[in-house]
Amino acid sequence: MTRRDDDLNQLVEDELNVLSPDGDGTLSPAGSGLAEDGARTAVWCDVRRAPTERVEDLLRRMTLAEKVGQLRSTWLGSTAGGGNGDGGDGGVAPLHEELAGEVADWAELIRDGLGQLTRPFGTVPVTARDGAEALARTQREIAAASRFGIPAIAHDECLAGFTAWTAAIFPIPLAWGASFDPQLVQQMAVQIGTSMRAVGVHQGLAPVLDVTVDPRWGRTEETIGEDPYLVATVGTAYVRGLESTGIVCTLKHFVGYSASRGGRNLAPAAVTGRQIADLLLPPFEMAIRLGGARSVMHAYTDIDGIPTASDPYLLSDVLRDTWDFTGTVVADYFGISFLELLHGVAADPAQAAGLALAAGVDVELPTVRCFGAPLIGAVERGEVAEALVDRAARRVLLQKCELGMLDPSWDPGPAAADGVDLAPPPARQIAARLAEESIILLANDGILPLPGPVAGEGRIAVVGPRADDPLAMLGCYSFPSHVGVKYPDLDIGVEIPTFLTALRQELPDSDIGYSPGCGVDDPDPSGIAAAAALAAGSDVCIAVVGDRSGLFGRGTSGEGCDAADLNLPGIQGKLLDALLATGTPVVIVLLTGRPYALGPFPAAAVVQAFFPGQEGGPALARVLSGAANPSGRLPVSVPRHVGAQPTTYIGSTLARRSTVSSIDPSPLYPFGHGLSYTSFRWEDIECQAAQVPTDGAIGVALTVRNAGERPGTEIVQLYLHDPIAQVTRPAVVLIGYARVPLEPGQQRRVEFTVHTDLTSFIGRGGERIVEPGRIELRLGTSSASTIASLPVDLVGPERVIHGPRQMTADVQIS
């Protein structure tokens, strides 16, 4: 292990013992407890039988305590301190320090079985081999301790990569959305899942499918964007990739979490039933129906006074009865306890357990407080029906059966050997490509790419608090930002070049000076004068500003790091004012987890990167030098001023600029916007039919030509405009897109097939309908820039959609 401080070797060894309570590995092999229940000739052990048959046989044999054991979890090492020895750096979940507490007696905890193990790699820093061996020992102990020898499902975080020390760190989800490249996101997820499986993890807590509603919310960085179609298609690609490796993919956070009032974490959701159905639910539905997701995590928030953790309409009626979901619903961390402690709808853990179980929650995470003795007591007193316990246990055991964890041949490992690399070359290559594709050129007066004299022997001033910090590239669910910050002497685990380092490597002949100017959120202005002086004496100034990702107030972006407004954090705005006043051309580079109001800063160029991961520095340097042509497009609108919030481009006519309000919510840069170093021409645009039945499909085609001298990628965007409907509709909404890479002078034909299901919405009667009448399909370079508007009349009766529907536009590029 690479360490700055040798004393940490002992620290990690101690923590490995925490992760594997009986670390000598001398317990009997898994399944030894079966002697009390007969030989492994029982139906539930017969791999030739159907999973449902096996699970029913097993349930019949289990006591109430054993069934409840499958619904609970434990978080070993969750109270471990950091490298400074005080353990007071803060938790990684709401009320973590208050609720994690001391782990119950290990032998007592696993005697009746255990459903899940929480974060065996995302809790303390361990190598792949050490962590896998500790996990395998723990699994053997769990299996040997109970009558049926059933191991636990091990889950971990995997949002922007496997949240483990030394694992590859990819761009955050906002960057996935900016790429408009679901295929590449799927490849990324395959890499993530492969790493997790290699070390014995079964379930991944990602992706986040919350649609951005208010970017002041700290977890905006975890979202894919503000458009449900983009979130759905990119998120579903991630699900397919992760599930293809055998990892159980867990969709977060079902539903309404991103619509919290004032952008405040866990605040009540300010959203209507129609908004839930048309804006927030579609990504989850697509990820289940088309992606095959096998797990869902409930949201923390309440909607109209009903906490989602206790809402049978969402967790059972919609999720299972309407969408036919058959997987497991897991609690967001401590979410069941919050029914008692935060929401005030339960008097004690037993009542909280009953409410959650009845609503459809199957597993309590991250540790047991309600789905243990309180639940058992409630069942024994007749307060909770045992049938509800059976229902949840059945779902958990079916999932374990699918994972091979009920098979007589099951063996936990060792799952990893010396050669396991959690950041192999293919992962780093995908991280670099995704970082490059996600970088968005918002504005450019011609200063970019950096001209020859500047890129050659010119003087470049690099200024700003994010220019020379590797953590500037990372979101809050990366291991260094999530856990590593508690271990200040720990090596970061992967190579993360800073922007400054990468630019000097990209432009070795340039004279590049550096001055931070100010901190991210430090009010001290004493460094601004030196930064301005450096800029004044340079040919160009690159100002690298933005966020520090963290948790629960320890950052300016991330979980629990909400923003009062969308001004740049701290005094970074004053730094930009000083730089712009020098007269030197200023290129603003933003490394952020949310969009910020940029109207006051008329820079020569603006480049947006949403925490682009470990390869983000070199990707940005290539874009600025011209070695790479930017192709990213905004997944969220960038406001002109802070008074426009909260707003996104998804809104009816009255949500936009009008004469009846003095506030103009129009963005400075709209959803879908992004520039290139080349130019494109859209030609031969056609719609195949002027009339289409309400159960038909619409064909749209165009030719895209690269009219410039550089290779580039155009993002063709297709929007729906529904001018007259029985309820107010968004002015435009995305229903299709295509990435079209082109060499200079090359042209390609792009063909969309749009089923009328994509025009559907929730009507006045509360059902999803396709309504006859005129619509417009708009081809554009952003939500606010239309190249062609194609009217189409939908004819025939109003059609009610029940069950599955066509959820994506078919795209062919030739």
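Up top is the structure.
From a predicted model like this one, the values you see are computed outputs, not experimental measurements. (Residues numbered from 1 in each chain as written. Predicted model: local features only at pLDDT ≥ 70, side-chain atom pairs only at ≥ 80, totals over all residues. Heavy atoms only, no water.)

### Considerations on the overall build of the protein
Helices and strands together make up the secondary structure of the protein, namely 23 helices and 29 strands. In terms of overall dimensions, the protein is globule-like: its C-alpha atoms have a radius of gyration of 27 Å, near the 28 Å expected for 814 residues. The principal-axis extents of the C-alpha atoms in the protein amount to approximately 80 × 75 × 45 Å. Counting over 814 residues, the protein shows a buried share of 63%. Total accessible area computed for the protein in this model is approximately 27500 Å², and 48% of it derives from carbon and sulfur atoms. The positive charge centre, built from 61 side chains, and the negative charge centre, built from 97, are 5 Å apart in the protein. (Helix = DSSP H or I, 4+ residues; strand = E, 2+ residues; numbered from the N terminus. Rg over C-alpha atoms; globule rule 2.2 N^0.38 Å. Buried < 20%, exposed > 50% of the residue type's maximum accessible area, 1.4 Å probe, protein only. Areas by Shrake-Rupley, 256 points an atom, 1.4 Å probe, with all protein chains shown as cover. Lys, Arg positive; Asp, Glu negative; His and termini not counted. Charge placed at Lys NZ, Arg CZ, Asp CG, Glu CD.)

### Some thoughts on the layout of surface pockets
Approximately 1000 Å³ is the volume attributed to the largest pocket. Forming the walls of the largest pocket are 42 residues, and the residues nearest its centre are Q275, D278, L279, I650 and P730. Secondary structure elements with two or more residues in the lining of the largest pocket: α9 (228-244), α10 (273-280), α11 (282-289) and β22 (733-742). A total of 5 residues in the lining of the largest pocket trace back to one element, the largest contributor, which is α10. Residues belonging to the lining of the largest pocket are distributed by class as follows: 22 nonpolar, 12 polar and 8 charged. (1 Å grid on protein atoms, 1.4 Å probe; cavity = no way out; pocket = protein on both sides within 12 Å on 5 of 7 lines; lining within 4 Å. Points joined across faces, edges and corners; volume = space filled by probe spheres on them. Nonpolar A, V, L, I, M, F, W, Y, C, P; charged D, E, K, R; others polar.)

### Overview of the environment of A701
Within the secondary structure, A701 sits in strand β20 (residues 697-706). Judged by relative accessible area, A701 falls into the buried class, the value being 2%. As a C-alpha pair, A701 and P639 span 62 residues in sequence and 32 Å in three-dimensional space. The contact partners of A701, leaving out residues within four places of it in the chain, are D684, I685, E686, R749, V750 and E751. (Contact = heavy atoms within 4.5 Å.)

### So, the sheet that holds strand β11 (residues 459-463)
Sheet architecture is open: 6 strands sit in the order β10-β15-β14-β13-β11-β12, paired in mixed fashion. The open sheet has two edge strands with one neighbour each: β10 (440-444) and β12 (511-515). Sheet twist, expressed as the average angle between the axes of neighbouring strands with direction ignored, equals 20°. Judged from the 4 bridges that link them, β10 and strand β15 (residues 605-610) form a sheet pairing that is antiparallel. (Pairing = 2+ DSSP bridges. Axes fitted to C-alpha atoms, helices over the stretch in contact; angles between N-to-C directions.)

### Digging into a nonpolar patch on the surface
Taken together, the side chains of L95, L341 and L342 define a hydrophobic patch exposed on the protein surface, amounting to about 230 Å² of accessible area. Tracing the sequence through the fold places L95 in the loop between β1 (73-74) and α4 (96-100). (Patch = residues over 30% accessible without salt bridge, like charges linked within 9 Å, V, L, I, M, F, W, Y side chains within 5 Å. Salt bridge = Lys/Arg side-chain N within 4 Å of Asp/Glu carboxyl O.)

### Thoughts on the packing of α10 against α11
At a minimum axis separation of 6 Å, α10 and α11 run at an interaxial angle of 45°. By the angle between their directions, the pair α10 and α11 is classed as oblique. Contacts between α10 and α11 involve I276, A277, D278, L279 and L280 on the former and, on the latter, P282, P283 and F284. For the contact of α10 with α11, the class distribution of residues is 7 nonpolar, no polar and 1 charged. (Parallel < 35°, antiparallel > 145°, perpendicular 65-115°, else oblique.)

### Some details on the state of the cysteines
In a disulfide, the sulfur atoms of two cysteines are covalently bonded to one another. With the rule as written, the count across this model stands at 0 disulfides. We note that C401 lacks a disulfide partner, and the nearest cysteine sulfur, in C45, lies 10 Å from it. Cysteine C476 is unpaired, with the sulfur of C561 as its nearest cysteine sulfur at 7.4 Å. (Disulfide = S-S within 2.5 Å.)

### Regarding the pattern of salt bridges
One pass over the structure, following the stated rule, counts 44 salt bridges. Across the pair R61 and D57 runs a salt bridge whose closest N-O atoms are separated by 2.9 Å. Taken as a pair, R61 and D57 lie in helix α2 (residues 51-61) at a separation of 4 residues, close to a single helical turn. Residue R61 is classed as partly exposed on the basis of its relative accessible area of 25%. Residue D57 is classed as buried on the basis of its relative accessible area, which comes to 8%.

### Brief notes about the sheet that holds strand β28 (residues 799-800)
Reading across the sheet, the 3 strands line up as β24-β25-β28 and stay open at both edges, with antiparallel pairing between neighbours. With partners counted over all chains shown, the strands left at the sheet margins are β24 (761-762) and β28, one partner each. Across 2 bridges, the pairing between β24 and strand β25 (residues 768-770) is antiparallel. Bridge pairing in β25 places I762 opposite R768.

### Here's the deal with the environment of P525
Structurally, P525 can be placed in the loop between β12 and α21 (528-536). On the accessibility criterion, P525 (48% relative accessible area) is partly exposed.

### Comments concerning the packing of aromatic side chains
Enumeration according to the criterion identifies 14 aromatic pairs in this entry. Their ring planes at 65° and their centres at 5.3 Å tell us that W75 and Y333 sit as a pair that is edge-to-face. On the criterion of sequence distance, the pair formed by W75 in the loop between β1 and α4 and Y333 in the loop between β9 (328-330) and α13 (335-341) is long-range, its members being 258 residues apart. By relative accessible area, which is 2% here, W75 ends up buried. Y333 sits in the buried class, given a relative accessible area of 3%. Measuring from ring centre to ring centre gives 5.1 Å for F180 and Y737, while their planes differ by 85°; the resulting arrangement is edge-to-face. With a gap of 557 residues between them, F180 in the loop between α7 (173-179) and α8 (182-198) and Y737 in strand β22 connect regions that are remote in the sequence. For the pair F180 and Y737, a shared accessibility class is recorded, and that class is buried. Clustering of aromatic rings is evident, with ring pairs tying together F180, Y229, Y649, F671, Y719 and Y737. The positively charged end of K252 is found above the aromatic ring belonging to Y477, 5.1 Å away from the centroid. (Phe/Tyr/Trp six-rings, centres within 6.5 Å; stacked < 30°, edge-to-face > 60°. Lys NZ or Arg CZ within 6 Å of the ring centre and 35° of its normal.)

### Some remarks on the nonpolar core
By size, the foremost hydrophobic cluster in this structure holds 211 residues, and its most contacted members are Y238 and F254. In this structure, F254 is in contact with L281, F284, V296, M297, H298, A299, T308, L314, L315, V318, L319 and W323, ignoring residues within four places of it in sequence. Counting 34 residues, the second-largest nonpolar core is a separate cluster that includes A443, L576, F610 and V638. (Core = buried A, V, L, I, M, F, W, Y, C linked by side-chain atoms within 4.5 Å.)

### Some thoughts on unusual backbone geometry
Here the amide bond leading from F254 into V255 is cis, since omega sits at -10°, within 30 degrees of zero. On the secondary structure map, V255 appears in the loop between β5 (248-254) and α10. For the bond from L365 to P366, the omega torsion is 0°, close enough to zero to count as cis. Along the chain, P366 falls in the loop between α14 (349-359) and α15 (373-380). In this structure, D324 is a non-glycine residue whose phi angle is positive, near 60°. Tracing the sequence through the fold places D324 in the loop between α12 (312-322) and β9. The class for D324 is exposed, based on a relative accessible area of 52%.

### Notes on α10
Along α10, the positions that sit buried rather than exposed are I276, A277, L279 and L280. Where the residues of α10 are buried, they touch α9, α11, β7 (302-303), β24 and β25.

### What to know about the side chain of R395
By the secondary structure assignment, R395 is in helix α16 (residues 386-402). Non-local contacts of R395, meaning those with residues more than four positions away in its chain, are made with R320, G327, T328, G360 and D362.

### Re the packing of α8 against helix α17 (residues 425-438)
Direction vectors running N to C along α8 and α17 enclose 150°, while the axes themselves pass 10 Å from each other. If you check the angle between α8 and α17, you find them roughly antiparallel. Of the two possible hands of crossing, α8 and α17 adopt the one that is left-handed. Side by side, α8 and α17 meet where L184, Q187, M188 and Q191 of the first sit next to P426, A427, I430, R433, L434 and E437 of the second. Residues that form the contact of α8 with α17 fall into these classes: 6 nonpolar, 2 polar and 2 charged. (Left-handed = near helix turned anticlockwise from the far one by under 90°.)

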